[in-house]
There are 2 protein chains.
Amino acid sequence: MRKTDQKRQHILDTAYRLFQSQGFANTSMSEITAEAGGSKATVYNYFPSKEELFVECMTNISDQYIDGIFGGLQDFEGELQVALLDTVKYALRVLCSLEMLASKRLLIAEAERSGIGRLFCRKMDGYMGELAAILRRAMDEGQLRQGDPLLAARQLRALLEADIVERCLMGVQTAPPSAVVIARAAEDAVATFLAAYAPCCDADT
Amino acid sequence: MRKTDQKRQHILDTAYRLFQSQGFANTSMSEITAEAGGSKATVYNYFPSKEELFVECMTNISDQYIDGIFGGLQDFEGELQVALLDTVKYALRVLCSLEMLASKRLLIAEAERSGIGRLFCRKMDGYMGELAAILRRAMDEGQLRQGDPLLAARQLRALLEADIVERCLMGVQTAPPSAVVIARAAEDAVATFLAAYAPCCDADT
DNA sequence: TAACAGCGAGACTGTACAGTACGGTATGTA
DNA sequence: TACATACCGTACTGTACAGTCTCGCTGTTA
């Protein structure tokens, strides 16, 4: 039982990696088998079809992706701007990693397959809810003006991903953006977010 | 000469439509031929390979996509908020159409092929520059606070696409969002944008 | 030792597709 | 009439791949 679980997981990991880097259509079961070691019969012993293997991989990818972004999410302490910037900078660094970009590309390309996209959005909504709860607290404490916290959370995310993620998705450059570029993008996002949600008249940073 | 141009364009249009709705891998040259009428030999007479036919389609798609968003872009007249809202609402409606979503999905999925993604980004940059120029004028006139107009343009676009476009890309629903939902998203985006870039202390709308 | 289960290796089947070959047709031009 | 151009229809080739099957090895249990 132990050993077969390991085997299954190993196949899953290998498939995950190959799908992520090559896409669904360009990854063959033979390739997965060869890479994982063993034989096709064994792979088909664990997974009934390429489709089902793929869907299970995508569920994992979806988890990893979202956990990666707001994994370190927790109540902000101290100066709001500083805490926000830290969180956001970390998230953006993860978002711009080659692995996450490959995941997102795959998610979008194959979104319709077996409702993978819906799954992703539902999970993302969960995390957005958590971020919103934190922002609501900041609003109640007067660190931000009152407003719809869920909308604020989504707009913060939008400002963060603005431009830079699309540019990466479109493969403008092969390497992920430098730490400097990422930091700059995060600062711009936080500055604009705080300006929009400032409690009163200290819009500019 | 006239006729061959028509024929070529007809093949291109057909391929465009099929690629857009089914993706690259799931569309065969035989299917394109059957749909367009005529024979494979004729298709191969105009396009040396599936790859090159695809790339030419993607160039068209890329054009259509970007033209569609800010096609009606022109200097804002009258009340800034009203003009901005009109422009942005129109753009979002286009962005959320099934055709544009299919285009974007395809662009992302096949971005690496023949530098299609880079082409898209370069064109998008052009339009962002135009929007930035308009915003700069609003800044100079005191309708917006001073700031980096290009950054402002990108953030406006980010706020606009926030959430709703991703949700569509992920195929959460098959039909495009209703006019009401789109209008609401546009209003939220403009409100937050104006709050962030307000010239002084009238943040809330 | 014997029987068996799990697995590896890889041959095999059926299918789909990119791209080619070829024979025939319609239209226009000299 | 003779020829050329552009096209159609379709059969064909070679390749790739999902999924199956067979065989042989190895470790385990009785």
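The residue count restarts for each chain, going from 1 along the sequence in the order it is written. As they are written, the chains are lettered A onward and the ligands numbered 1 onward, keeping that order. Residue-level local features of this predicted model are given only where pLDDT is at least 70; pairs of side-chain atoms are given and counted only at 80 or more, and the full residue set underlies all totals for whole chains, interfaces and linings. With hydrogens and water excluded, all non-hydrogen atoms of the structure serve as input to the side-chain values.

1. Thoughts on the pattern of salt bridges
Short version of the rule: For this document, the term salt bridge refers to a Lys or Arg side-chain nitrogen within 4 Å of an Asp or Glu carboxyl oxygen. Where helices and strands are cited, they refer to DSSP runs of H or I of at least four residues and of E of at least two residues respectively, numbered from the N terminus. Any residue under 20% of the maximum accessible area for its type is buried, any over 50% is exposed, and the rest in between are partly exposed; the area is computed with a 1.4 Å probe on protein chains only.
For the structure shown, the criterion picks out 32 salt bridges over all chains. In this structure, A:Lys104 engages B:Glu166 in a salt bridge whose closest nitrogen and oxygen atoms are separated by 3.0 Å. One end of the pair, A:Lys104, is in helix α6 (residues 98-109); the other, B:Glu166, is in helix α9 (residues 164-169), on a second chain. Each of the two residues, A:Lys104 as well as B:Glu166, counts as buried. B:Arg113 is the salt-bridge partner of B:Glu110, the closest N and O atoms lying 3.0 Å from each other. We classify B:Glu110 as buried; its relative accessible area is 15%. Connected through shared salt-bridge partners, A:Lys104, A:Arg157, A:Glu161 and B:Glu166 make up one network.

2. A closer look at the protein's contact with DNA strand C
We count it as follows: Only a single heavy atom is needed: when it lies within 4 Å of a molecule or strand, its residue is near that molecule or strand. Polar contacts, as used here, are pairs of N or O atoms within 3.5 Å; protein pairs need one atom able to donate a hydrogen and one able to accept it. Residues neighboring in sequence count only if both atoms are side-chain atoms.
Lining the immediate environment of DNA strand C, one finds 15 residues, of which A:Lys7, A:Thr42, B:Met29, B:Lys40 and B:Lys50 sit closest. Restricting attention to atoms of DNA strand C within 4 Å of the protein, one finds that 65% of them are sugar or phosphate atoms. A distance of 3.3 Å is found between a phosphate oxygen of DNA strand C and a backbone nitrogen or oxygen belonging to A:Gly38. At a separation of 2.7 Å, a base nitrogen of DNA strand C approaches a polar side-chain atom of B:Lys40. Elements that contribute at least two residues to the surface near DNA strand C include exactly α1 (2-22) and α3 (40-46) of chain A together with α3 (40-46) of chain B.

3. Observations concerning the nonpolar core
This is how it is decided: Buried residues of nine kinds, namely Ala, Val, Leu, Ile, Met, Phe, Trp, Tyr and Cys, make up a nonpolar core once their side-chain atoms join them within 4.5 Å. Contacts are assigned to residue pairs with any non-hydrogen atoms lying within 4.5 Å of each other.
Counting 140 residues, the largest nonpolar core has A:Phe193 and B:Phe193 as its most contacted members. With near-sequence residues (within four places) excluded, B:Phe193 lies in contact with B:Leu84, B:Leu135, B:Leu144, B:Ala152, B:Leu156 and B:Leu159.

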